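Residue-level structure breakdown
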Amino acid sequence: MGGVDRVGSALVKLTMEGLSADEAEQYDRQIRLWGLEAQKRLRTSSVLVVGAKGLGAELCKNIVLAGVKSLTLLDHALVSPSDLGNRFLVSKDGESRAKQAVVQLQALNPNVDVLADTEPVGEKDDTFFTQFSAVCVSCSSLPFLLHINNVCRTHGIKFFCGDVWGFYGYFLSDLGEHEYSMEEVSEYRVGDETQAVAPVQDGEKKSVKKSCSFPALQEALAANWSSKPARYFKRTPPTWFIIRTLQEFRDSNGGRDPQEEGDREGLLSAQAAAAAKLGINPDLIPNHFYRFCNGDLSPVCAIVSGVMGQEVIKALSGKDEPYQNCFLYDGVNSTGIVEYIGP
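Being a predicted model, the structure only gives us computed values, none of them experimental.

**Regarding the confidence of the model for the protein**
Do not read the fine detail of predicted coordinates wherever pLDDT is low. Scored by pLDDT, the protein comes out at a mean of 86, with 86% of its residues at no less than 70. Predicted confidence is poor over residues 1-14, with pLDDT under 50, and the contacts of this stretch with residues over four places away or in other chains come to seven contacts. Under a pLDDT of 50 for its full length, residues 199-203 has, in the predicted model, four contacts with residues more than four places off or in other chains.

Shown next as structure tokens:
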């Protein structure tokens, strides 16, 4: 009975500090994990997700469950037969993909305002994007990503872009000048060595402010790979080069992604074009990649969106050090790495 009283007292305290009783109860475990202040910052954040395919759907789920103020899903497409095979948020062919997804997302967390926008993203003016705390873009061309990144960077909005092509997936973030807090680590001496140890008791924990700077997407794309030593390419998977090739294919084919064996020649042509833009030897992009880049596989979407959702939450809550600045996943070799891509 005493335990129930303590829980009741905690809920009353959280309600008085700005969370409703429902929110305090629903987010109890999260508050224990990253703290009340971080949860309150999430509660005042609004997020835009562009694209309701596999990666976008999984990302929306993660963000809604985290407890942001609002999430807007922007997607003008209708549900296709392929969507029904690997999308858990849609169930009826031929209807609005965004509207169907929003119904399921709202049921996951009634405390979040979940909105569907079915207007084509290309018809949105720049001011539309400035109303959000974070903008997450998928299924888009590289010129569009660069444009929206510039808009977000100008207005201090957290920017994320990402995609999944078959076994390959990535996301890249630009948080601009970002401030965050971390628990301070104290030191103690053992003989002649200094070791780090985190305070054991909650009352002893101290939060310290830190900051970091992210390169713009344009700077990341202009990274000089020719200066990398040969050993770098031997130990690091070529996933980023494959991603750039797949983006090149999309941009060269009117926004269409590879879907069939007949796209092999187009992919190899995109491989050569991407290698030239990157300033690398085309041989660094394995020729067999074309066999593994069709569709958006649900397990790959879940993995990439899990890490991406974590980083969106960290960025909005200002809690813990963010990844800088790219996550790359290669499902063929089951490798996921965090890589800094930039000047």
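What follows picks up the thread again.
**Here we look at helix 9 (residues 142-154)**
Over its 13 residues, helix 9 runs 18 Å from end to end, which matches the ideal 18 Å to within 8%, given 1.5 Å per residue. Within helix 9, the full set of buried residues consists of Leu142, Phe144, Leu145, Leu146, Ile148, Asn149, Val151 and Cys152. Along its buried surface, helix 9 packs onto helix 8 (126-129), strand 4 (134-137), strand 5 (158-165), strand 6 (168-174), helix 10 (217-221) and helix 12 (239-252). Following helix 9 by one or two positions, Gly156 has its phi on the positive side, about 70°.

**A short note on the pattern of salt bridges**
As enumerated under the stated definition, the model contains eleven salt bridges in all. Within the structure, one salt-bridge network assembled from shared partners comprises Asp117, Glu119 and Lys124.

**A few points about the state of the cysteines**
Scanning the model with the defined rule gives zero disulfides in all. Not part of a disulfide, Cys60 finds its nearest cysteine sulfur in Cys136, a span of 8.3 Å.

**Overview of the sheet that holds strand 1 (residues 46-50)**
Strand order in the open sheet formed by eight strands is 3-2-1-4-5-6-11-12, with mixed pairing between adjacent strands. Strands with a single pairing partner mark the edges of an open sheet, and in this sheet they are strand 3 (113-117) and strand 12 (335-339). Ignoring strand direction, the axes of neighbouring strands in this sheet form an average angle of 15°. Here five bridges tie strand 2 (residues 70-74) to strand 3, and the two strands are oriented parallel to one another.

**So, unusual backbone geometry**
Residues Gln324 and Asn325 are joined by a peptide bond in cis, for which omega reads -5°. Following the sequence through the fold, Asn325 ends up in the loop between helix 14 (298-317) and strand 11 (326-330). At Cys139, a residue that is not glycine, the phi angle is positive and equals roughly 60°. As for its placement among the helices and strands, Cys139 is situated in the loop between strand 4 and helix 9. With phi around 55°, Ser334 is a residue other than glycine that occupies positive phi space. Note on Ser334: relative accessible area 57%, which makes it exposed.

Parameters at a glance
- Residues numbered from 1 in each chain as written.
- Predicted model: local features only at pLDDT ≥ 70, side-chain atom pairs only at ≥ 80, totals over all residues.
- Heavy atoms only, no water.
- pLDDT = per-residue confidence, 0-100.
- Contact = heavy atoms within 4.5 Å.
- Helix = DSSP H or I, 4+ residues; strand = E, 2+ residues; numbered from the N terminus.
- Expected span 1.5 Å × (residues − 1).
- Buried < 20%, exposed > 50% of the residue type's maximum accessible area, 1.4 Å probe, protein only.
- Salt bridge = Lys/Arg side-chain N within 4 Å of Asp/Glu carboxyl O.
- Disulfide = S-S within 2.5 Å.
- Pairing = 2+ DSSP bridges.
- Axes fitted to C-alpha atoms, helices over the stretch in contact; angles between N-to-C directions.

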